Amino acid sequence: AQKVTQVQTEISVVEKEDVTLDCVYETRDTTYYLFWYKQPPSGELVFLIRRNSFDEQNEISGRYSWNFQKSTSSFNFTITASQVVDSAVYFCALSEAIKETSGSRLTFGEGTQLTVNP
Amino acid sequence: DVKVTQSSRYLVKRTGEKVFLECVQDMDHENMFWYRQDPGLGLRLIYFSYDVKMKEKGDIPEGYSVSREKKERFSLILESASTNQTSMYLCASRRQGRRYEQYFGPGTRLTVT
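Residues numbered from 1 in each chain as written. Chains lettered and ligands numbered in written order. Predicted model: local features only at pLDDT ≥ 70, side-chain atom pairs only at ≥ 80, totals over all residues. Heavy atoms only, no water.

1. Overview of the overall build of chain A
Looking only at helices and strands, one finds 0 helices and 12 strands in chain A. Going from N to C terminus, chain A has its helices and strands arranged as β-β-β-β-β-β-β-β-β-β-β-β. For chain A, whose C-alpha radius of gyration is 14 Å, the value lies close to the compact-globule estimate of 13 Å for 118 residues. With respect to the three principal axes, the spread of C-alpha positions in chain A is 50 × 30 × 20 Å. Of the contacts made within chain A by residues no fewer than 6 positions apart, 56% connect residues no fewer than 24 positions apart. Carbon and sulfur atoms make up 48% of the accessible area of chain A, which amounts to about 5,700 Å² in all. (Helix = DSSP H or I, 4+ residues; strand = E, 2+ residues; numbered from the N terminus. Rg over C-alpha atoms; globule rule 2.2 N^0.38 Å. Contact = heavy atoms within 4.5 Å. Areas by Shrake-Rupley, 256 points an atom, 1.4 Å probe, with all protein chains shown as cover.)

2. Regarding the interface of chain B and chain A
Contacts between the two partners involve 26 residues from chain B and, on the opposite side, 27 residues from chain A. On the chain B side of the contact with chain A, B:Arg98, B:Glu101 and B:Phe104 bury the most area, a combined 31% of that side's loss. Where chain B packs against chain A, one counts 2 salt bridges. Where chain B packs against chain A, one counts 5 residue pairs in polar contact (both at pLDDT 80 or more). When residues of the side of chain B that touches chain A are traced back to their parent elements, those giving at least two are β4 (31-38), β5 (42-49) and β9 (87-94) of chain B. Looking at the side of chain B that touches chain A residue by residue, the class counts come to 11 nonpolar, 8 polar and 7 charged. (Buried area = accessible area lost by both parts, 1.4 Å probe. Salt bridge = Lys/Arg side-chain N within 4 Å of Asp/Glu carboxyl O. Polar contact = N/O pair within 3.5 Å; in protein donor to acceptor, adjacent residues only side chain to side chain. Nonpolar A, V, L, I, M, F, W, Y, C, P; charged D, E, K, R; others polar.)

3. Points about the nonpolar core
All names here are of chain A. By size, the foremost hydrophobic cluster in this structure holds 23 residues, and its most contacted members are Trp36, Phe75, Phe77, Tyr90 and Leu114. Broken down by secondary-structure element, the contributors of at least two residues to this core are β2 (10-14), β3 (19-21), β4 (23-26), β5 (33-39), β8 (64-69), β9 (74-79), β10 (88-97) and β12 (112-117). The biggest single contributor to this core is β10, with 4 residues. When near neighbours in sequence (up to four residues on either side) are disregarded, phenylalanine 77 contacts Val19, Thr20, Leu21, Trp36, Leu48, Tyr64, Ser65, Trp66 and Tyr90. (Core = buried A, V, L, I, M, F, W, Y, C linked by side-chain atoms within 4.5 Å. Buried < 20%, exposed > 50% of the residue type's maximum accessible area, 1.4 Å probe, protein only.)

4. Topic: the state of the cysteines
Enumeration according to the criterion identifies 2 disulfides over all chains in this entry. What pairs with A:Cys23 in a disulfide is A:Cys92, and their sulfur atoms sit 2.0 Å apart. The sign of the -70° torsion about the S-S bond sets the A:Cys23-A:Cys92 disulfide as left-handed. Of the two residues, A:Cys23 is situated in strand β4 and A:Cys92 in strand β10; the sequence distance between them amounts to 69 residues. As far as the burial class goes, A:Cys23 and A:Cys92 line up, both buried. Bridging B:Cys23 to B:Cys91, the disulfide has an S-S length of 1.8 Å. On the sign convention where negative means left-handed, the S-S torsion of about -80° between B:Cys23 and B:Cys91 marks this disulfide as left-handed. Here B:Cys23, found in strand β3 (residues 19-25), pairs with B:Cys91, found in strand β9; they are 68 residues apart in sequence, far enough to count as distant. (Disulfide = S-S within 2.5 Å.)

5. Considerations on the environment of A:Thr20
All names here are of chain A. Looking at the element boundaries, threonine 20 is found in strand β3. What makes threonine 20 partly exposed here is its relative accessible area of 33%. For the pair formed by threonine 20 and tryptophan 66, sequence separation is 46 residues and the distance between their alpha carbons is 9.3 Å. If near-sequence neighbours (up to four positions away) are discounted, threonine 20 is found in contact with Gln8, Ile11, Asn76, Phe77 and Thr78. Polar contacts involving the side chain of threonine 20 include one to the side chain of threonine 78, which spans 2.8 Å.

6. A short note on the pattern of salt bridges
Following the criterion strictly, the structure yields 11 salt bridges over all chains and no others. Notably, a salt bridge pairs A:Arg105 with B:Asp59, separated by 2.7 Å at the nearest N-O pair. A residue pair is termed interchain when its members come from two chains, as with A:Arg105 in strand β11 (residues 104-108) and B:Asp59 in the loop between β6 (56-57) and β7 (64-70). Look at A:Arg105 and you get buried, because its relative accessible area is 10%. Taking the relative accessible area as the measure of exposure, B:Asp59 reaches 47% and is therefore partly exposed. Among the salt bridges present, the one from B:Asp28 reaches B:Lys71, with a minimum N-O distance of 3.2 Å. Placement of B:Asp28 in the loop between β3 and β4 and of B:Lys71 in the loop between β7 and β8 (73-78) is noted, with a sequence separation of 43 residues between them. The exposure class assigned to B:Asp28 is exposed, which follows from its relative accessible area of 53%. By sharing partners, the salt bridges in this structure join A:Arg51, A:Asp55 and A:Glu59 into a single network.

Shown next as structure tokens:
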């Protein structure tokens, strides 16, 4: 069975600090996909990024960056120069194929609550 | 833009009532999902459907059932609501294929008294 572990339950930083959210996963699949989602206080989860298991290039999008390391089964998320608007719950997820059907599903971590204080 | 809508943002029901939570998506997605979210437990999959009239149990299906008669609509049914089903319920949809991201609705906060 697949598993996603988000190391930090809660993180609190002061604005402009850099912060890293750690995600470790377990899977037996050789091809898989990893995702990060953001859930702001309004409640609706917003997709941030997808990575497939064959692409270990790090990705940067503005103040956000992601470090995927297959050797350590980790997919960490860094926010540079954090802002109050970054305060949210962040979820890491792993896509799993359901071999008996044509479907697939996501396995989510428990989430990391990030609070950025002014 | 993909739009996933849920019938209610807040719902209060009594123990033993039958409860229907509706989810509609407008992007012709094949796959739809129902999750519940509880503090410290993340998102737990209740049921999902990978096509019309198809359904699969997730991790916590007990006490729930689902219906998918049309591609755009996926209903979650609590046959006899209980207080331990008080939770945030999230619906999501996605194109067929595990490479694709899920799009989520705003959630329904259900309180069972």
